[in-house]
Amino acid sequence: MVQKLDYLKETPSQTAGPYVHIGLAPGAAGFEIYDHELGQDIAGPNAKGERIRVEGTVIDGTGSPVKDALIEVWQANSEGYYSHPEGGGPVEEGFRGWGRVITDFDTGEWAFDTVKPGRAQGRDVGIQAPHINLWIVARGINIGLNTRLYFDDEDEANAADPVLNIIEWECRRATLIAKRSEGTSPQVYRFDIRLQGEDETVFFDI
Amino acid sequence: MKSKGEYYQRDREWQPPALTPDYKTSVSRSPRYAMISLQNSISEITGPTFGHNDVDPIDNDLLRNYAYSEQSPIGERIIVHGRVLDENARPVPNTLVEVWQANAGGRYRHKKDTYLAPIDPNFGGCGRTLTDENGYYFFRTVKPGAYPWRNWVNNWRPAHIHVSVFGVAFAQRLITQLYFEGDPLLDKCPIVKALPTQDARDSLIAALDLNATVPLDSIAYKFDIILRGRRSTLFENRLEGN
Ligand SMILES: [Fe+3]
């Protein structure tokens, strides 16, 4: 027998279930309990940069919208800094870079307002293209799914992005690119997340 | 001071796979392509942080946080307590823990729950708290009831509390469910059985903790939560600000 390693095992994940709103968005479940719900304001009033809205749906393997999902958002500010002790630099007062949204019970549509993130540093060399990190939970999802949203008006940065570039199948990279709508104010980007099937979104094991 | 590196890879043989056909909803909601494995960048080692402005002291007391004054919810009064640790067994202080659950009859306060057990006027069913400097947390609540759900026609969820935890990095984000020692429904639940090993299933069962009860008031269960640990070595090229 060899010596025992004394690491603990990560707590196993379980689905958030259909009633995730009770815990994480009780207003949507149909009752008021907290003075303020968390994750409602991603950028705050002082954030610099371009104000944008991101909207989309979550679609399952049958092509149907998922109407009980919750998505968490994690992003850098317009300078590419995260609101975190190791975030790379200072952020504006009130900028959290974190939020949560739910899919509409009837339509499955979700949307959030924020500022467009800047370019954060890369892991080794270089710099990452502007992106928003997303984490998706729902009934039927046993462990939260991580993905990234990039922007279709950042071709040059996207082409050099170290994460997009490790996706071997170039055709699948397009599943991570949000599409800019024309003539909207604030600027709207569309990002549909496909859990399965043709054009399945790329998910990351981070 | 030694800087820290990335998080230990998630053990995908310990965590549930996406596709677990006996849990039917997973069939159309599970990705079929392999995930792309990503070494951590600044986007993954950072994550939201929370403070005492975000939560009220009463938020962790489900016996009181939705009850009419002088009233309390019906059911077994319980304390759920434990620590949030990482895989290196170090406490995770000041991290947000959120819970939600059915009432003692197995009914959720949710506009989509139509189970015939009644809503309890004194029970909301959600709570939140920050761990203290030692990673310790506790909630007061009532023990949730088992409830039926549409999977096979006769599926009943074992009594459980949903638990959401953040840690300090987006890579540590976790949602799970806490179960109770001795529940005969545990071995029959397709959601519990989404976990591939008995050891993993057992690690979600809170233990009856008689030492932490409040005599003549509340029974206690202990539930430690383990988040991913982190290497103590540097990134290959040092991240600025690290
Ligand atoms: Fe439940």
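Let me begin by describing the structure that accompanies this report. None of these values were measured; they are calculated from a predicted model.

Brief notes about the overall build of chain B
- Helices and strands together make up the secondary structure of chain B, namely three helices and twelve strands.
- Against the globule reference of 18 Å for 242 residues, chain B gives a C-alpha radius of gyration of 19 Å, in line with a compact fold.
- Within chain B, contacts between residues separated by at least 24 positions form 71% of all contacts whose residues are at least 6 apart in sequence.
- A total accessible area of about 11000 Å² is found for chain B, and carbon and sulfur atoms account for 52% of it.
- In chain B, the 29 positive side-chain charges and the 28 negative ones have mean positions that sit 6 Å from each other.

A short note on the overall build of chain A
- When helices and strands are tallied, chain A shows four helices and ten strands.
- What you see in chain A, going N to C, is helices and strands ordered as α-α-β-β-β-β-β-β-α-α-β-β-β-β.
- Computed over its C-alpha atoms, the radius of gyration of chain A comes to 18 Å, within 12% of the 17 Å expected for a compact globule of 206 residues.
- Based on the C-alpha atoms only, the size of chain A along its principal axes is roughly 55 × 45 × 40 Å.
- Counting over 206 residues, chain A shows a buried share of 59%.
- A separation of at least 24 residues holds for 66% of the contacts in chain A among residues at least 6 apart in sequence.
- Total accessible area on chain A is roughly 8400 Å²; 48% of this is exposed by carbon and sulfur atoms.

Some points on the coordination of the iron ion
Residues and elements named next belong to chain B.
- For the iron ion, every protein donor is listed as Y108 (OH), Y147 (OH), H160 (NE2) and H162 (NE2), and the spread of their distances is 1.9 to 2.2 Å.
- The coordination sphere of the iron ion comprises four donor atoms, whose angles at the metal cover 91 to 162°; the geometry is irregular.
- Ordering the donors of the iron ion by residue number gives the pattern Y-x38-Y-x12-H-x1-H. Note that Y108 is positioned in the loop between β3 (96-101) and β4 (126-130) and H160 in strand β8 (residues 160-165), a separation of 52 residues in sequence.
- Overall, Y108 belongs to the buried group, its relative accessible area being 1%.
- Here H160 falls in the buried class, since its relative accessible area comes to 1%.

Side note on the interface of chain A and chain B
- Taken residue by residue, the interface counts 80 residues in chain A and 96 residues in chain B.
- Of all residues in chain A, the largest losses of buried area upon contact with chain B belong to E10, Q14 and R123 of chain A, amounting jointly to 11% of the total for that side.
- For D54 of chain B, the salt bridge identified is with R96 of chain A, shortest N-O distance 2.9 Å.
- Every element with two or more residues in the side of chain A that touches chain B is listed here: α1 (20-24), α2 (26-29), β2 (70-75), β3 (98-102), β5 (131-137), β6 (145-151) and β10 (204-205) of chain A.
- Residues that form the side of chain A that touches chain B fall into these classes: 40 nonpolar, 22 polar and 18 charged.
- Note: β10 of chain A against strand β1 (residues 36-37) of chain B, two bridges, orientation parallel. Bridge pairing links F204 of chain A to I36 of chain B in β1 of chain B.

Notes on the pattern of salt bridges
- Applying the stated criterion across every chain yields a total of 24 salt bridges over all chains.
- Linking E72 of chain A and R173 of chain B is a salt bridge whose minimum nitrogen-to-oxygen distance equals 2.7 Å. Linking E72 of chain A in strand β2 with R173 of chain B in the loop between β8 and β9 (174-180), this pair reaches from one chain into another. Neither E72 of chain A nor R173 of chain B differs from the other in exposure class; each is buried.
- Of the charged contacts, one joins R190 of chain A and D192 of chain A as a salt bridge, the two residues approaching to 3.0 Å between their closest N and O atoms.

Some thoughts on the nonpolar core
- Core analysis: the largest hydrophobic core is formed by 35 residues, its most contacted members being V84, V163, L178, F223 and I225 of chain B.
- With four residues, the single largest contributor to this core is β9 of chain B.
- Beyond its immediate stretch of four places on either side in the chain, V84 of chain B contacts R90, P91, V92, T95, V97, T131, G135, Y137, V165, I225 and L227 of chain B.
- Among the nonpolar cores identified, the runner-up in size contains 31 residues, and Y19, L38, W74 and W98 of chain A belong to it.

Each value, and the rule that gives it
- Residues numbered from 1 in each chain as written.
- Chains lettered and ligands numbered in written order.
- Predicted model: local features only at pLDDT ≥ 70, side-chain atom pairs only at ≥ 80, totals over all residues.
- Heavy atoms only, no water.
- Helix = DSSP H or I, 4+ residues; strand = E, 2+ residues; numbered from the N terminus.
- Rg over C-alpha atoms; globule rule 2.2 N^0.38 Å.
- Contact = heavy atoms within 4.5 Å.
- Areas by Shrake-Rupley, 256 points an atom, 1.4 Å probe, with all protein chains shown as cover.
- Lys, Arg positive; Asp, Glu negative; His and termini not counted.
- Charge placed at Lys NZ, Arg CZ, Asp CG, Glu CD.
- Buried < 20%, exposed > 50% of the residue type's maximum accessible area, 1.4 Å probe, protein only.
- Donors = N, O, S within 2.8 Å, 3.2 Å for Na, K, Ca; no water.
- Tetrahedral: all angles 85-135°; square planar, octahedral: opposite > 155°, others 65-115°.
- Buried area = accessible area lost by both parts, 1.4 Å probe.
- Salt bridge = Lys/Arg side-chain N within 4 Å of Asp/Glu carboxyl O.
- Nonpolar A, V, L, I, M, F, W, Y, C, P; charged D, E, K, R; others polar.
- Pairing = 2+ DSSP bridges.
- Core = buried A, V, L, I, M, F, W, Y, C linked by side-chain atoms within 4.5 Å.

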